[in-house]
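Residue strings, one per chain:
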Amino acid sequence: MAKISLSQLEALFWVIELGTFNRAAARLNTTQSTISKRIQELEHATGLTLFDRSRRGARVSEKGEQLYEHARDMLKLQDRVMALREGEHVPQRLMRLGVTELTVLTWMPAFTTHLREAYPELIIEPTVDMSRSLYEGLLEGRLDAIIVPEAIVDKDIRVFRLAEVQNAWLAHPDFLRSDAPFTLNEICAQPIIMQGSRSGASVFFIRWLKGRGAMLENPLHADSMMATVALALAGFGIAYLPRPMFDGMINEKKLVEIPSSPKLPTMSYSLVFRRDLPSAFFDQIAVLARKSCDFSGRTRL
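S.K.: Explain the pattern of salt bridges residue by residue, including any values.
M.R.: Within the structure shown, the criterion is met by eight salt bridges. Here R72 makes a salt bridge to E69, at a shortest N to O gap of 2.2 Å. Of this pair, R72 and E69 are both found in helix α4 (residues 62-85), three residues apart, which corresponds to roughly one turn of the helix. Residue R72 is classed as partly exposed on the basis of its relative accessible area of 29%.

Right under this line is the structure:
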């Protein structure tokens, strides 16, 4: 099968752009016969009639006009490649980024600002979901990178630890009986508000409880962190939440921290991406994520 060359597409582009074979030849610093030969080779390679030669002077056909659009795109791409070699232009890059609700509500704005400063041509396509859905999107190729709690170890992914988040039991003030800490069994006897099994935080929390021989007696499920908070504010139960984010509500006595023994553990958040993607680029993304990462709740709720 005959191959299509850039010189053939270039000849087609300039013939249509300038209107005649002679002008195209002059533009490309070659002869009219060379331009005619390239057009004939292109017609042979594509199996398309690009010009109507039944009339005096060749007129571009409908297929020729359609191929002209593709030729223009190919020549623009060639220009970008040459500019990249010469350091004149940074090409656009798409990053499909998956994040959980906590990141969106805290440091996502700062991270986005740093990304755009470092990569002005970067197109960020965000997806907000629970951790397990984000992992599935990453492994299936629908996402390029995700920021999630408790990263899974897998040979096909790379993990960059970003920060530890301190968690606490938070509830309506009516749930605070005294300054004495609750035991885990006493906590588990209360209605505990938590997100579903697709939440990485919930999976981490259940695993931690089981490791200490405790089990929830009356779990209440919410479909988002903000729904969890709303139920806690309304007095429906005790919620497992990142404490720094809710300092304002605690100071305003809308929520209180329920002391427990042992205390809830911290939870790691990580940037995760596939190993088959450009590592140098995502290494730099990890640096910017660490620079931006702040779960202290600076986005007001």
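Next comes the rest of the account.
S.K.: I'd like a description of helix α7 (residues 131-139), backed by residues and values.
M.R.: Among all positions of α7, only S131, S133, L134, Y135, G137 and L138 are buried. Of the surrounding secondary structure, the elements contacted by the buried residues of α7 are β3 (93-99), β4 (122-128), β5 (145-149), β6 (157-171), α9 (200-211) and β13 (266-274). Remark: G141 follows α7 within two positions and exhibits a positive phi of approximately 85 degrees.

S.K.: Any chance you could break down the pairing of strand β8 (residues 191-195) for me, citing the residues and the numbers?
M.R.: Side-chain direction in a regular strand flips from residue to residue, so the side chains alternate between the two faces of the sheet. Among the five residues in β8, five count as buried, and that is most of the element. The alternating pattern of β8 places P191, I193 and Q195 on one face and I192 and M194 on the opposite face, and all of these are buried. Here β8 pairs with strand β9 (residues 218-222) via five bridges, running parallel. What sits directly across from P191, in β9, is N218. Relative to strand β10 (residues 238-242), β8 runs parallel, the two being bridged by two bridges. By the bridge assignment for β10, I192 is matched with I238.

About the thresholds
- Counting from 1, residues in each chain are numbered in the order their sequence is written.
- With pLDDT at 70 or above as the cut-off, local features in this predicted model cover only qualifying residues; side-chain atom pairs require 80 or more to be listed or tallied, and sums for whole chains, interfaces and linings still use all residues.
- Only hydrogens and water are removed before side-chain values are computed, so all heavy atoms of the structure are retained for them.
- Any Lys or Arg side-chain nitrogen found within 4 Å of a carboxyl oxygen on Asp or Glu counts as a salt bridge.
- We count a stretch as a helix when DSSP gives it H or I for four or more residues in a row; a strand needs E for two or more, and each element gets its number in order from the N terminus.
- Exposure categories follow from relative accessible area, calculated using a 1.4 Å probe and restricted to protein chains: below 20% of the type maximum is buried, above 50% is exposed, and the middle band is partly exposed.
- By definition, residues are in contact when any of their heavy atoms lie within 4.5 Å.
- Pairing between two strands requires that DSSP report at least two bridges joining them.

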